[in-house]
Amino acid sequence: MAILNDCKQKMHNNGSNLLLAMNPDKFDYTMTGGVGGGAQDVELWDELTAFLADQPEYSELMDMGSALLPTLSNDMFMNSTLDQEIEHFNTIEEKVKMASQEDSETVDQEDGVVDQEDEEEAEMSQADTFSNYKPSKSEVGLKHPDLVVETSSLASVQPPDVTYELALPEEVISEGKLSALQLEVVIYACQQHERFLATDERAGFLIGDGVGVGKGRSAAGIIYENFLLGRRKALWFSVSSDLKYDAERDLRDIGATDISVCLLSKVKYGNLNSKSLGIRDGVVFSTYSSLIRESRGNNESRINELVQWCGGLDYDGPIILDECHKAKNLSTKTSAKVIELQKRLPKARIVYCSATGASELKNMAYMTRLGLWGKSTPFSNFQDFLSTVEKWGVRGMELVPMEMKLRGMYMARQLSFQGVSFSIHEVALSEEFTKVYNKSVRWWVKARKYFQEALDMRVFDNGQKSRPPWAQFWADHQRFFQSMCIASKVVSVIEQTMKAINAENKCVVIGLQSTGEARTIDAVKSAGNNLTSFVSSTKGILRTLIERHFPCQDRKGILDLDFSDPGSNLSPASFSQDEEGGDRSRKRKGLINDLRENDSKVMKSTDSPEVITLSSDSEDDYPPKLPKANGFPNLFSTSDSAFINRSSSPSTKQNLQKMKQELLDELEEINLPSNTLDTLIDKLGGPQNVAEMTGRKHRIVCDNGNFTYKARSENIDKVNIIEKEGFMKGEKYVAVISEAASSGISLQADKRVENKRRRVHMMLELPWSADRAIQQFGRTHRSNQVSAPEYVFLISGFAGEKRFASIVAKRLENLGALTHGDRRATNSTDLTSFNVNNKVSQQLCSG
């Protein structure tokens, strides 16, 4: 790819537009200011040819004849596509590779032909992935305190010349309150905000810096710059109300002490400009959850209040969309409100901030102010843009950030991983745990058999219709075995944590995604004050499945479920819930989307957009399939033909009750593991020694053998802030973080805090998506740190978890291509060895 990158740079230096070239049918040279037609095109090609001829490493190309370097007439150039140009360069590079390897390598013909693209990727050196970064056009500010790098692909293009003059006070620059890197973002963001799109909306800017570089400080600088220019109102959105304190700190640290920060969730509904509320200027800080809320009493909405406070169509102040990946899914209310806010405030200065703003290309739809699609662009709408770039695969995604940087709308640097260590620890299953696991498998087999027998009985009460049981069954099936994977690693985590603290003088951060709070609440309601142990989340999953969803007529004569034919087997995507009882289906989508893309046997139901069915290798293992409607199984038919109404005989009812009780009795005989989070905290010294930063409000605590269910803190709104401070002060040397605390917070070995021990970050539970993985990695690797962290990935002996790790690894690769212009940008996380979704595996599966 070296030749291609150099030639790309040549094309950029001459004003070519790679994204426009992707869609040549809509390439308007004169309108876009790109490469003109006629002699200028031939001159550009001649210059590229001369450029290749001057490079010693490309000298062999000149001997290969004119067939490899075609002479392009004006007409040929105008009608050619970037695909054709890249194909020419790839052909050249293949010839060079073959010539250079001919004498040094022996190819074993019996092993077959190795795919050229896979060979290229295998030969990519990690050392060549990144380049040390320093601003190329901006000359203001002091050096950043830590080493920052940029991918070689992005480094190959240069941003526009600087035309904007800062209004920030001199001491902000001279005293290093904002580093040169952060000032560069402020300059280019403000410079971009002076442009208007063809839609009469102000152009936006995307800060794609990696976690820990200082996006919050840059955002504060943009607000301060606008405040000094008379734009005294600003909106700042983020994922957690706790980050309001970080926003205040960032503004205070750069000297913007006159700018107040008001938390929207603490303000009553009403006119924010009114005397009673009195928010005249400053920053209104809001979570994305607050943005979508409405008042039931007076039909007021937060978004209407914010638009009114800003001043409507004439508002030209900044809007900071921090952690904007929260709006990536178009099907959510959050994304809809973010897009609506941008439409209702067309002159607002939009700043998108996220290290993972678009883990997939389709997740960029909310970034309407970048001007990549729409009026006067080569793509009429987002779908046109999406389909065009996706046809190119990862290579196409690599071009998107390069083009955005070239236009001056994007910056994406990241902290160097110098000093960071990565290790993968595969945890072997103990003999005792293996026995428990085998008993659990036998229980599930029996449960499935009993569910099927109840289905075959087809006993219904007249008129009772509800969803079939299989969706819930397979949902709990997946959650159960996920919990078992995590539980199998708890002992190993405890041993490694104690060793790191006591023997190596380090401190430990343990990463989880879920807390099991919902199951704990159910158990506490059942047991009251008679708790004798920690709650087993895994056992709670099974008990809830049987008690609430087994087809047994034991509540006022109404069956829990009706049994229209469930189809082959349903995915657990739709009905699982998160730790606080909310819909967790979104958390499953990362896995489900990968399954849709990579497994040829996946079919999607037309009746339920959230549920998919996976065909089985053995038809005998699953119920027969439903008759198809519109080519797909009709999984949720509510027609009368789907129900068989008959009287339930006493013997049938007794049999169902007996089957249900038998499953419950056998469940009690299985010694399933306790809640992972509670066990970790207890074994590592209790709450006084472990800082818990999660989304749960209560927990079970063991004190001298007595188990009590209590609130985590009297001040529950600030409990995570209090726990974080205890960890950073060195009062606690273990921190456990869940997804609720995986965005924005800083847990690195900061030079300004007392606890300067090296962080050992143990990933006990892998996140469901790549962007969540990146966010959690960034909690312990940030700017201004004494030492870089040590990452430990724990993978259990279950093959299923390795498959899951493969999905995360694949998404990490796509994320690197889209956010950093290089698919290798996330290889540093060391999960790519688990990416089995490649051409070799596909060939094995198909052959």
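Treat the numbers as computed from the prediction; the structure is a model and nothing was measured.

Caption draft 1: How the structure looks around the overall build of the protein chain. For the protein chain, the count of helices and strands is 29 helices and 22 strands. Burial status across the protein chain gives 57% buried among its 847 residues. Here the analysis covers contacts within the protein chain between residues at least 6 apart in sequence; of these, 77% occur between residues at least 24 apart. Of the roughly 36700 Å² that the protein chain leaves accessible, carbon and sulfur atoms contribute 47%.

Caption draft 2: Local environment of unusual backbone geometry. A positive phi is found at S376, a non-glycine position, where the angle reads about 60°. Note that S376 resides in the loop between β8 (349-353) and α16 (382-390). Residue S376 is classed as partly exposed on the basis of its relative accessible area of 47%. Non-glycine residue N704 carries a positive phi angle of around 55°. Relative to the assigned elements, N704 resides in the loop between β18 (698-703) and β19 (706-711).

Caption draft 3: Examining the packing of aromatic side chains more closely. Scanning the entire structure with this criterion turns up 26 aromatic pairs. Relative to F385, the ring of F382 lies with its centre 6.2 Å away and its plane at 40°, an arrangement referred to as tilted. Of this pair, F382 and F385 both sit in helix α16, 3 residues apart, which is roughly one turn of that helix. On the accessibility criterion, F382 (9% relative accessible area) is buried. For F385, a relative accessible area of 0% puts it in the buried group. Ring geometry for F777 versus Y791: centroids 5.8 Å apart, planes at 65°, classification edge-to-face. Of this pair, F777 sits in helix α27 (residues 770-777) while Y791 sits in strand β22 (residues 790-796), and the two are 14 residues apart along the sequence. Each member of the pair, F777 as well as Y791, carries the same accessibility label: buried. Three or more aromatic residues link up through ring pairs in this structure, and these residues are F433, Y437, W443, W444, F451, W470, F473, W474, F480, F481, F550 and F798. Between K233 and the ring centre of W309, over which it is positioned, the NZ or CZ distance is 4.8 Å.

Caption draft 4: Fine view of the side chain of E225. Of note, E225 is situated in helix α11 (residues 215-228). Here E225 sits buried without a salt bridge, and the closest side chain of opposite charge, R231, lies 6.5 Å off (N-O distance). At 2.9 Å, the side chain of E225 forms a polar contact with the backbone nitrogen of A167. Discounting residues that sit within four places of it in the chain, E225 has contacts with Y164, E165, L166, A167, L168, V186 and C190.

Caption draft 5: Structural context of helix α12 (residues 243-253). Within α12 the residues assigned to the buried category are L243, K244, D246, A247, D250 and L251. For α12, the arc enclosing every buried residue in end-on projection is 160°, short of the 170-degree limit, so these residues lie on one face. Packed against the buried residues of α12 are α11, β4 (233-238), β5 (261-263), β6 (282-287) and α26 (719-728). With its phi angle positive at about 95°, G255 sits one or two positions after the end of α12.

Caption draft 6: Quick peek at the sheet that holds β4. What the 7 strands build is an open sheet, ordered β5-β6-β4-β7-β8-β3-β9; its pairing is parallel. Only two strands of the sheet have a single partner each, and these edge strands are β5 and β9 (410-411). Sheet analysis places strand β3 (residues 205-207) next to β9, joined by 2 bridges and oriented parallel. The partner of I207 across the bridge, within β9, is M411. Against the sheet, helix α14 (residues 302-310) engages β4 and β6, with an angle of about 155° to β4.

Caption draft 7: Representation of the confidence of the model for the protein chain. Summing up the model confidence of the protein chain, the mean pLDDT is 74 and the portion of residues at 70 or higher is 65%. A low-confidence stretch, residues 10-16 stays under pLDDT 50, and its non-local contacts, those more than four residues away or across chains, total 19 contacts. Here residues 56-86 is modelled with pLDDT under 50, and outside its nearest four sequence neighbours on either side it reaches 55 contacts, counting other chains as well.

Caption draft 8: Structural context of helix α21 (residues 517-527). Listed in full, the buried residues belonging to α21 are E517, R519, T520 and V524. Within α21, the buried residues cover an arc of 155° as seen down the axis, which keeps them to one side. Seen from the buried face of α21, the exposed residues on the opposite side, beyond 90 degrees, are K525 and S526. Packing partners of the buried residues in α21 comprise α19 (470-487), α22 (537-549), β18 and β19. Within two residues after α21, G528 carries a phi angle of roughly 65°, on the positive side.

Cut-offs used in this document
- Residue positions are counted from 1 within each chain, in the order its sequence is given.
- Residues qualify for local features only when their pLDDT is at least 70, as the model is predicted, and side-chain atom pairs are given and counted only at 80 or more; totals for whole chains, interfaces and linings, by contrast, use all residues.
- To obtain the side-chain values, all non-hydrogen atoms of the structure were used and water was disregarded.
- Per the convention used, a helix needs a DSSP run of H or I reaching at least four residues, while a strand needs a run of E reaching at least two, with both numbered from the N terminus.
- Buried, partly exposed and exposed residues are distinguished by accessible area as a fraction of the type maximum, computed with a 1.4 Å probe on protein chains only: under 20%, between the cut-offs, and over 50%, respectively.
- Contact definition: two residues touch when any of their heavy atoms are within 4.5 Å.
- What sets the accessible areas is the Shrake-Rupley method with a 1.4 Å probe; for residues, cover comes only from the shown protein chains.
- Here is the rule: rings of Phe, Tyr and Trp (six-membered ring for Trp) pair when centre to centre is within 6.5 Å. Planes less than 30 degrees apart are stacked, more than 60 are edge-to-face, and the remainder are tilted.
- A ring is scored as having a charge over it whenever the NZ atom of a lysine or the CZ atom of an arginine sits within 6 Å of its centre and within 35 degrees of its normal.
- Residues scored as positive are Lys and Arg, those scored as negative are Asp and Glu, and His as well as the terminal groups of each chain are ignored.
- Here, a salt bridge means any side-chain nitrogen of Lys or Arg that lies within 4 Å of a carboxyl oxygen of Asp or Glu.
- Think of a polar contact as two N or O atoms within 3.5 Å of one another; within protein, one of them needs to be a possible hydrogen donor and the other a possible acceptor, and neighboring residues in sequence only count if both atoms come from side chains.
- Throughout, the arc means the angular range of directions from the helix axis out to the C-beta atoms.
- When DSSP finds two or more bridges between two strands, those strands count as paired.
- Every angle, taken between N-to-C directions, lies between 0 and 180 degrees, and every axis is a line fitted to C-alpha atoms, over only the stretch in contact when it is a helix.
- The predictor rates its confidence in each residue with pLDDT, a number between 0 and 100.

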